[in-house]
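Spelled out, the chains give:
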Amino acid sequence: MDLYREIELALHARGRAVVAIDGESGAGKTTLAEALARRYDARVFHADDYFLQPRQRTPERLAEIGGNLDRERMLAEVILPVREGADAYVRAFDCAHETLSEARRVPPKPLTIVEGSYCLHPAFGAYYDIAVCIRCSAPLQRARLKARYDAARFARALAEWIPMENQYLSGFNIPQRCDVLLDANDIHKHGL
């Protein structure tokens, strides 16, 4: 894959690299990140750990493009340490209990991967060396999300989450800003 070549060139040139993987729900962002982490012994950060906490879910915030991500906390816990090549101390948001986990130290490695919807939000600036966007057809996305969620969460994904992600992807021209564009079917075909 071209992505492997890009990573290896970046690692060879600088000794370390950051890959950001964005795209639609169900496209395979986490699957790709896990495959890359195994191949390169990389550290991985998940944007899904940065859902808004209840007190942050104001109508104004949710009306912003990409507003349903806790950008402030992700910037402090992930993006700034990644830029500096430093330890990160991450606290995942537990959706079931609506609480933050205890801080977990994630030391630097030559390759860092930040994956998840909204991880290429312009508020973070260009902290990455390689930006990846994975596109997913609507039928494949629906099938994957239906397998992942119960009926209530699936309905919520269709009514709320997917429209917000689509607004973000188009509003900030995410696919056009990426170095590597992948199709979800290709990732599945390559066994990733």
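## Topic: the layout of surface pockets
Okay, so step 1: Considering only enclosed or pocket space, the largest pocket measures out at about 910 Å³ in volume.
Okay, so step 2: If you trace the largest pocket, you find 38 residues lining it, with Asp48, Phe51, Tyr149, Arg153 and Trp161 closest to the centre.
Okay, so step 3: Looking at which element gives the most residues to the lining of the largest pocket, the answer is helix H6 (residues 151-171), with 7 residues.
Okay, so step 4: Here the residues of the lining of the largest pocket sort into 18 nonpolar, 9 polar and 11 charged.

## Some words on the sheet that holds strand E1 (residues 17-23)
Okay, so step 1: Spatially, the 5 strands line up as an open sheet ordered E2-E7-E1-E8-E9, and their pairing is parallel. A single partner strand is all that each edge strand has here, and the edge strands are strand E2 (43-46) and strand E9 (180-183). Each strand axis lies, on average, 20 degrees off the axis of its neighbour in the sheet, ignoring direction.
Okay, so step 2: In this structure, E2 lies alongside strand E7 (residues 111-115), joined through 4 bridges in parallel fashion. Considered in E7, the bridge of Arg43 is made with Thr112.
Okay, so step 3: Relative to strand E8 (residues 130-135), helix H1 (residues 2-14) is tilted by about 165 degrees, and along the sheet it contacts E1, E7, E8 and E9.
Okay, so step 4: Where helix H2 (residues 29-40) meets the sheet, its contacts fall on E1, E2, E7, E8 and E9, and the angle it forms with E7 comes to roughly 170 degrees.

## Regarding the environment of Asn173
Okay, so step 1: Within the element layout of this structure, Asn173 appears in the loop between H6 and helix H7 (174-177).
Okay, so step 2: A residue is classified by how much of its surface remains accessible, and Asn173, at 40% relative accessible area, is partly exposed.
Okay, so step 3: Expressed as a C-alpha distance, the spacing of Asn173 and Asn68, which sit 105 residues apart in the sequence, is 18 Å.

## Details of the side chain of Arg61
Okay, so step 1: Within the secondary structure, Arg61 is located in helix H3 (residues 59-63).
Okay, so step 2: Under the relative-accessibility criterion, Arg61 is labelled buried at 10%.
Okay, so step 3: Side chain to side chain, Arg61 and Glu72 meet in a polar contact 3.0 Å long.
Okay, so step 4: Setting aside chain neighbours within four positions, we find Arg61 in contact with Leu52, Gln56, Gly67, Leu69, Asp70, Arg71 and Glu72.

## Digging into the packing of aromatic side chains
Okay, so step 1: For the structure on display, the rule yields 6 aromatic pairs.
Okay, so step 2: Both rings, one in Tyr118 and one in Tyr168, keep their centres 4.7 Å apart while their planes meet at 55 degrees; by these two values the pair is tilted. With Tyr118 in the loop between E7 and E8 and Tyr168 in helix H6, this pair connects stretches of sequence that are 50 residues apart. Across the pair, exposure class does not vary: Tyr118 and Tyr168 are buried alike.
Okay, so step 3: Measuring from ring centre to ring centre gives 5.3 Å for Tyr127 and Tyr128, while their planes differ by 85 degrees; the resulting arrangement is edge-to-face. Like Tyr128, Tyr127 is buried.
Okay, so step 4: Chaining the aromatic ring pairs together yields one cluster made of Tyr118, Tyr168 and Phe172.
Okay, so step 5: The aromatic ring of Tyr4 is capped on one face by Arg39, whose charged end is 3.7 Å from the ring centroid.

What counts as what
- Residues numbered from 1 in each chain as written.
- Predicted model: local features only at pLDDT ≥ 70, side-chain atom pairs only at ≥ 80, totals over all residues.
- Heavy atoms only, no water.
- 1 Å grid on protein atoms, 1.4 Å probe; cavity = no way out; pocket = protein on both sides within 12 Å on 5 of 7 lines; lining within 4 Å.
- Points joined across faces, edges and corners; volume = space filled by probe spheres on them.
- Helix = DSSP H or I, 4+ residues; strand = E, 2+ residues; numbered from the N terminus.
- Nonpolar A, V, L, I, M, F, W, Y, C, P; charged D, E, K, R; others polar.
- Pairing = 2+ DSSP bridges.
- Axes fitted to C-alpha atoms, helices over the stretch in contact; angles between N-to-C directions.
- Contact = heavy atoms within 4.5 Å.
- Buried < 20%, exposed > 50% of the residue type's maximum accessible area, 1.4 Å probe, protein only.
- Polar contact = N/O pair within 3.5 Å; in protein donor to acceptor, adjacent residues only side chain to side chain.
- Phe/Tyr/Trp six-rings, centres within 6.5 Å; stacked < 30°, edge-to-face > 60°.
- Lys NZ or Arg CZ within 6 Å of the ring centre and 35° of its normal.

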